[in-house]
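Commentary on secondary and tertiary structure
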Amino acid sequence: MNATDSLLIPLVDAGGLNGLKHGALGARFRFWRDEDGVRHVFSVYSAASAPDYPDALAVVARRTPAGSIAMWAGPAGDVARSAAQRLDGDEIHIHVFGEGEASALRRLMRRFESTPVRRSAGMVRCRIDRRHAA
């Protein structure tokens, strides 16, 4: 398990664009590897200003020194922005579905699009930097 593996979302941070890390495009795009090991490119937006695309998968991510961690996945738009706010996400990464069939991402979309982002009243929030292995 890598430092950026999520326990809940089957996506692994696969880095940015090679050769463009220090330019404007390097920060604008991110790759995620799905559960089948296929890399997909995502556009990176701030959590508050992510656009609404009708046929797109949004991933709420938190940046760490080791890379990004996927915290939630589902439809782009208000639902994703709300999830980012509730989960203290730093960014929303969006993959717009094109002609190529991204079956693992479509499965992920169906799996999480109807899952509400809620915290139970008794759930204690723990900051990411305060969590540790048992």
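In case you missed it, the structure is sitting above this.
First, a word on scope: everything that follows refers to the structure included in this document. Counting from 1, residues in each chain are numbered in the order their sequence is written. Reporting in this predicted model follows two pLDDT cut-offs: at least 70 for local features of residues, and 80 or more for side-chain atom pairs to be given and counted; totals over whole chains, interfaces and linings ignore these cut-offs and use all residues. With hydrogens and water excluded, all non-hydrogen atoms of the structure serve as input to the side-chain values.

1. Examining the sheet that holds strand 6 (residues 91–96)
Paired strands are those between which DSSP finds at least two bridges. To qualify as a helix, a DSSP run of H or I must reach at least 4 residues; to qualify as a strand, a run of E must reach at least 2; elements of each kind are numbered from the N terminus. One open sheet accounts for 6 strands, arranged 1-2-3-6-4-5; its pairing is antiparallel. Bordering the open sheet on either side are strand 1 (12–13) and strand 5 (67–75), each of which pairs with just one other strand. Where strand 2 (residues 29–33) lies against strand 3 (residues 39–46), 5 bridges are found, and the strand directions are antiparallel. Note that in strand 3 the partner of Arg-30 across the bridge is Phe-42. Throughout, a contact is declared for two residues whenever any of their heavy atoms are within 4.5 Å. Here an angle of 0 to 180 degrees is reported between the N-to-C directions of two axes, which are lines fitted to C-alpha atoms, with helices fitted over the stretch in contact. Of the strands in this sheet, strand 4 (56–64), strand 5 and strand 6 touch helix 2 (residues 78–86), which is tilted by about 135° from strand 5.

2. Description of the environment of Ala-14
Mapped onto the elements of the fold, Ala-14 is located in the loop between strand 1 and helix 1 (24–28). Sequence separation between Ala-14 and Val-38 is 24 residues, and the spatial gap between their C-alpha atoms is 9.8 Å. If near-sequence neighbours (up to four positions away) are discounted, Ala-14 is found in contact with Phe-31, Trp-32, Arg-33 and Arg-39.

3. Side note on empty space enclosed by the protein
The distinction between a cavity and a pocket rests on a 1 Å grid over the protein atoms alone: a 1.4 Å probe fits inside a cavity but cannot get out, while a pocket stays open yet meets protein on both sides within 12 Å along at least five of seven lines, and a residue with an atom within 4 Å of a point counts as lining. Grid points are joined across faces, edges and corners, and a volume is the space filled by probe spheres set on the points. In the structure shown here, the tally under the stated rule is 1 cavity of 30 Å³ or more. Forming the walls of the largest cavity are Pro-10, Leu-11, Asp-34, Glu-35, Ala-104, Leu-105 and Leu-108. All residues other than Ala, Val, Leu, Ile, Met, Phe, Trp, Tyr, Cys, Pro, Asp, Glu, Lys and Arg, Gly among them, are scored as polar; the first ten of these are nonpolar and the last four charged. The residue makeup of the lining of the largest cavity, split by class, is 5 nonpolar, no polar and 2 charged.

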